[in-house]
Structures are given as structure tokens and as C-alpha cells.
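Here are the chains, one letter per residue:
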Amino acid sequence: QVIAEVQQAFAHIQRPSLFIRGTCSCEECMEHEAEMQAFDPGDLPLDKLDNPGWDPICFASNHAVGYFMPGLVKLVLASAGDYVDQFLFHAEQPERLTAFTPAQARALIEVLDFLLVHEGVALENNLAVEDLSRAREKLEQQAAGNSESREASPGIRTVGARKRQRRFLIQR
């Protein structure tokens, strides 16, 4: 049911012709563009998205993130232990938040609530409970029609950021 709500909220978003933000045509951006062009939005590959140091979604336009959101939700629900950090990172970025409609924000709140209830161990293992709560608060503001989502203070993301950095260093 959670996935159905997300699919409905994001259903109107058509496939973008260009997935990356802006007009950069450097080698890295073009590689990410090619990867995203090849993705099946309903079946996104965890092995291409779980590395914070090389995640094409970081380069995606808001339109592309909206297009991929149902797949990103499926991915986090299926692989919360491996993908929750990246999912929360993408969901709470200020420019992404303001691009979500209130209905989309409400659908994502349902996803976060589901994760909190059903994936508590994965959240705790990833030190992501605080990150989830913060993302949920920001989405609630967007769902209420407040496009002025509050910016987190610079030090508030340290627990999740340290975890991602540590995992990135281990993977290298």
C-alpha cells in the first residue's frame, strides 16, 4: 500500500529527456547520465546507488528524482539496511523538498513511517533514526504547503554523515 501511494503521487511525472542537473557535460556527469538513462525506474539497481561517493542520483535533476522516486522507495523498502542512508539524504535535500508537492511529501512521510515501524533495526544499525525524524519533519512542512523547508544546522547531520563516510572509506 505504501508503494501504491508513492506511485500515485508521482505518477504524472514523465521520463525526462536529460537526467542530470544543469548542462554540465564533464565525463563524470555524462557517465551518471548514461547510467540513469539505462535504469528501469521500477527496478533500480542497489549496486549502482548505494555508494555515497558515486551515486548518480546526487547528480539528478529534481524532475529525474521525482521520476525515479517510486523505484527509490521500492529499493529502500527492500534493502533498508543498505540504502536507508542514501534514501534519507536524497529525500531531505532542500532543493528536492521544495520540488515535492504536498501529496508527494505526504506519500514520502508514509514511507518513513513504514520504515520506522518495520525496519527499526536497520535504522538503528545505520544510526539513521535521527536522520529519519529530521527528514520526516521537513516533509511535514512541505506537506503542509510550507515551501520554506527549514535548513538543518550544519552540525546536525554528523551521526549519519560519519556513518556514510566510514562506509565509503571501507568500500574504497
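Residues numbered from 1 in each chain as written. Predicted model: local features only at pLDDT ≥ 70, side-chain atom pairs only at ≥ 80, totals over all residues. Heavy atoms only, no water.

**Describing the overall build of the protein chain**
Tallying secondary structure elements over the protein chain gives ten helices and zero strands in all. Seen in sequence order, the protein chain has helices and strands lined up from the N terminus as α-α-α-α-α-α-α-α-α-α. Within the protein chain, contacts between residues at least 6 apart in sequence are counted, and of these 72% link residues at least 24 apart. Accessible surface for the protein chain amounts to roughly 8,500 Å². Of this, 53% is attributable to carbon and sulfur atoms. (Helix = DSSP H or I, 4+ residues; strand = E, 2+ residues; numbered from the N terminus. Contact = heavy atoms within 4.5 Å. Areas by Shrake-Rupley, 256 points an atom, 1.4 Å probe, with all protein chains shown as cover.)

**Remarks on the nonpolar core**
In this structure, Phe 68, Met 69, Leu 72, Phe 87, Val 111 and Leu 115 are the most contacted members of the largest nonpolar core, which totals 45 residues. For this core, the secondary structure elements donating two or more residues are helix H1 (2-10), helix H2 (27-38), helix H4 (62-78), helix H5 (80-91), helix H7 (102-118), helix H8 (120-125) and helix H9 (129-143). Residues contacting Phe 68, with those up to four places away along its chain left out, are Phe 19, Met 36, Phe 39, Pro 41, Leu 44 and Ile 57. (Core = buried A, V, L, I, M, F, W, Y, C linked by side-chain atoms within 4.5 Å. Buried < 20%, exposed > 50% of the residue type's maximum accessible area, 1.4 Å probe, protein only.)

**A short note on H9**
The terminal C-alpha atoms of H9, which comprises 15 residues, lie 21 Å apart, in line with the 21 Å expected from a rise of 1.5 Å per residue. Those residues of H9 that sit buried are Asp 131, Leu 132, Arg 134, Ala 135, Lys 138, Leu 139, Gln 141, Gln 142 and Ala 143. One or two positions beyond H9, positive phi appears at Gly 145, with a value near 90 degrees. (Expected span 1.5 Å × (residues − 1).)

**Thoughts on the pattern of salt bridges**
Evaluated as defined, the whole model comprises seven salt bridges. A salt bridge links Glu 95 to Arg 21, with the shortest nitrogen-to-oxygen separation between them at 3.1 Å. One end of the pair, Glu 95, is in helix H6 (residues 94-97); the other, Arg 21, is in the loop between H1 and H2, with 74 residues separating them in the sequence. When its relative accessible area of 37% is taken as the criterion, Arg 21 is described as partly exposed. (Salt bridge = Lys/Arg side-chain N within 4 Å of Asp/Glu carboxyl O.)

**Observations concerning the packing of H1 against H7**
In contact at an axis separation of 9 Å, H1 and H7 are set at 160 degrees when each is read in the N-to-C sense. The orientation of H1 relative to H7 falls into the category roughly antiparallel. In the packing of H1 onto H7, the handedness of the crossing is left-handed. Every residue of H7 that contacts H1 at Val 2, Glu 5, Val 6, Ala 9 and Phe 10 is listed here: Ala 103, Gln 104, Ala 107, Leu 108, Glu 110, Val 111 and Phe 114. For the contact of H1 with H7, a count of residues per class yields nine nonpolar, one polar and two charged. (Axes fitted to C-alpha atoms, helices over the stretch in contact; angles between N-to-C directions. Parallel < 35°, antiparallel > 145°, perpendicular 65-115°, else oblique. Left-handed = near helix turned anticlockwise from the far one by under 90°. Nonpolar A, V, L, I, M, F, W, Y, C, P; charged D, E, K, R; others polar.)

**Section: the side chain of His 32**
Tracing the backbone shows His 32 in helix H2. We classify His 32 as buried; its relative accessible area is 0%. Here His 32 is in contact with Trp 54, Asp 55, Pro 56 and Phe 59, once residues within four sequence places are set aside.

**Quick word on H7**
Across its 17 residues, H7 extends 24 Å between first and last C-alpha, which sits within 8% of the 24 Å expected from 1.5 Å per residue. Burial in H7 covers these residues: Gln 104, Ala 105, Ala 107, Leu 108, Ile 109, Val 111, Leu 112 and Leu 115. Where the residues of H7 are buried, they touch H1, H4, H5, H8 and H9.

**Examining a nonpolar patch on the surface**
A surface patch of nonpolar side chains, about 250 Å² in accessible area, is lined by Leu 116, Val 117 and Val 129. Within the secondary structure, Val 117 is located in helix H7. (Patch = residues over 30% accessible without salt bridge, like charges linked within 9 Å, V, L, I, M, F, W, Y side chains within 5 Å.)

**Observations regarding the confidence of the model for the protein chain**
The share of residues in the protein chain with pLDDT of 70 or more is 84%, and the mean pLDDT across the chain is 84. In the model, residues 148-172 has pLDDT below 50 throughout and makes 40 contacts with residues more than four positions away in sequence or in other chains. (pLDDT = per-residue confidence, 0-100.)

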